[in-house]
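Read off the chains here:
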Amino acid sequence: MLARKSIIPEEYVLARIAAENLRKPRIRDRPRKARFIAKNGACNLAHKNIREQGRFLQDIFTTLVDLKWRHTLVIFTMSFLCSWLLFAMMWWLVAFAHGDMDPSTESTANSTKWTPCVTCVRSFTSAFLFSIEVQVTIGFGGRMMTEECPLAITVLILQNIVGLIINAVMLGCIFMKTAQAHRRAETLIFSRQAVIAVRNGKLCFMFRVGDLRKSMIISASVRIQVVRKTTTPEGEVIPIHQVDIPVDNPIESNNIFLVAPLIICHVIDKRSPLYDISAADLVLQDLELIVILEGVVETTGITTQARTSYIAEEILWGHRFVPIVTEEEGVYAVDYSKFGNTVKVAAPRCSARELDEKPSILIQTLQKSELSHQNSLRKRNSMRRNNSIRRSNSMRRTNPSLIVPKVQFITPEGSQSASET
């Protein structure tokens, strides 16, 4: 490095690097748009500046279910603990008002017929223990109610009612959190990429969906929406413009029988937002295709929904999904290792509109594909033939026993001729 620095001046090197940078075209990447729906189905949306926070308290049960598990467990624990402390204070006040806390009453109770409201409640700790025994219906036999104080009987009834309400709400909340519908959606999978290829002479947008569980999704249906930023002729900018696109399903009810992975197909026709988009235009499009799968869980009867989305970079033009369902020993087997695998096929690079206007484009594309396939087969056969010839020649050179000796033939005229067979 020192020798090079002494030979080449530093000013020359810097000038040459600057000239090379000027010659190279600078391509700036297009800023990536934020997804509206993540690949795992979560909505990429943040709610800000909500002034009417009291609306969440009006539906307290749904608010508790929507909370995170750590918050739910804290509320679960604090609700019982606070109720025990509250009624412990009430029991302590009842005992204090009746005079059960006075030490002199213990000797009086032994000599006369004086009866306390609650036996063995002489401090706040004993009142707290009695409150727990009442609310969780645990009776140890040391502390018990008497018919001396009607107020104590009222407190007992009130605590039982409050305890039942807390148990119903909190246990229902825990049950709903463990049996939420999106838990079942974790086993509903979509292919990481979507494809556009020719099916039945039409350009189609396709993706694959599957269910990992044996329990089925009843009345499953698939919807596809295109979300993009649009501007109306009046100049109004709609940042999230949703457009439903039809799904090619031969069943009139639009339900799918999701017993095995299926390829959902959308025919790109005049009703489709992808009708004017070609393969070159797809990369420049700022759109997102949202896929929604809805159905009823067979085991629980709860309606579940699984979601995903595909942006322009995740759509492969001219590809097709490989088959993954095979019949093995009388049983249909699904190979999920090939769930998202695709293979390249012949497909016109033009838009669906151009394909409808010029059907000959599809015929030319298929002919070119067939011709290239035949050429590749010829090249492969010729390469195999050449390799076999080279292999046989190399074996003859290495093994001298395979060399055929020369044989001399004598003609009637007496001349000799040598030939090799």
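A brief structural summary. Source: prediction; values computed, not measured. (Residues numbered from 1 in each chain as written. Predicted model: local features only at pLDDT ≥ 70, side-chain atom pairs only at ≥ 80, totals over all residues. Heavy atoms only, no water.)

1. What about helix H8 (residues 150-178)?
Between the first and last C-alpha of H8 there are 42 Å, a value that for 29 residues agrees with the 42 Å anticipated at 1.5 Å per step. When we look at burial in H8, the residues that qualify are Ala 152, Val 155, Gln 159, Gly 163, Ile 166, Met 170, Gly 172, Cys 173 and Lys 177. (Helix = DSSP H or I, 4+ residues; strand = E, 2+ residues; numbered from the N terminus. Expected span 1.5 Å × (residues − 1). Buried < 20%, exposed > 50% of the residue type's maximum accessible area, 1.4 Å probe, protein only.)

2. Some details on the state of the cysteines
Under the defined criterion, the tally for this structure stands at one disulfide. Cys 117 shares a disulfide with Cys 149; S-S distance 1.6 Å. Note on the Cys 117 and Cys 149 pair: the S-S dihedral is about -50 degrees, so by sign convention the disulfide is left-handed. Here Cys 149 lies in the loop between helix H7 (124-135) and H8 and Cys 117 lies in the loop between helix H6 (104-111) and H7, a separation of 32 residues in the sequence. Overall, Cys 149 belongs to the buried group, its relative accessible area being 8%. The thiol sulfur of Cys 204 is not disulfide-bonded, and the nearest other cysteine sulfur, from Cys 265, lies at 3.5 Å. (Disulfide = S-S within 2.5 Å.)

3. Here we look at the packing of H7 against H8
The contact between H7 and H8 brings their axes to 9 Å, and the two run at 60 degrees. In terms of orientation, H7 and H8 fall into the oblique class. Considering the relative orientation of H7 and H8, their crossing is right-handed. When H7 is examined against H8, the residues Ser 131, Val 134 and Gln 135 are found in contact with a partner set consisting of Leu 156, Gln 159, Asn 160, Gly 163 and Ile 166. Grouping the amino acids of the contact of H7 with H8 by side-chain chemistry returns three nonpolar, five polar and no charged. (Axes fitted to C-alpha atoms, helices over the stretch in contact; angles between N-to-C directions. Parallel < 35°, antiparallel > 145°, perpendicular 65-115°, else oblique. Left-handed = near helix turned anticlockwise from the far one by under 90°. Contact = heavy atoms within 4.5 Å. Nonpolar A, V, L, I, M, F, W, Y, C, P; charged D, E, K, R; others polar.)

4. Focus on the layout of surface pockets
Quantified by volume, the largest pocket comes out at close to 760 Å³. As for the largest pocket, its lining consists of 24 residues, of which Asn 40, Gly 41, His 182, Glu 186 and Arg 307 are closest to the centre. Taken together, the elements giving at least two residues each to the lining of the largest pocket come down to helix H4 (60-66), helix H9 (181-184), strand E1 (188-190) and strand E9 (303-311). Looking at which element gives the most residues to the lining of the largest pocket, the answer is E9, with four residues. Residue composition of the lining of the largest pocket, by class: eleven nonpolar, eight polar and five charged. (1 Å grid on protein atoms, 1.4 Å probe; cavity = no way out; pocket = protein on both sides within 12 Å on 5 of 7 lines; lining within 4 Å. Points joined across faces, edges and corners; volume = space filled by probe spheres on them.)

5. Considerations on the packing of aromatic side chains
All told, the structure shown has eight aromatic pairs when counted by the stated rule. Centroid distance Phe 80 to Trp 84: 6.2 Å. Interplanar angle 45 degrees. Geometry classified as tilted. Separated by four residues within a single helix, Phe 80 and Trp 84 lie in helix H5 (residues 69-98), roughly one turn from each other. A residue is classified by how much of its surface remains accessible, and Phe 80, at 12% relative accessible area, is buried. With relative accessibility at 19%, the residue Trp 84 sits in the buried group. Judged by centre distance (6.4 Å) and plane angle (75 degrees), the rings of Phe 205 and Tyr 310 are edge-to-face. (Phe/Tyr/Trp six-rings, centres within 6.5 Å; stacked < 30°, edge-to-face > 60°.)

6. Describing H5
Over its 30 residues, H5 extends 44 Å from the first C-alpha to the last, a length consistent with the 44 Å expected when each residue adds 1.5 Å. For H5, every residue scored as buried is listed here: Thr 72, Ser 79, Phe 80, Ser 83, Trp 84, Phe 87, Ala 88, Trp 91, Val 94 and Ala 95. Summarising the contacts, the buried residues of H5 are in contact with H4, H7 and H8. Count one or two residues on from H5 and you reach Gly 99, which has phi positive near 90 degrees.

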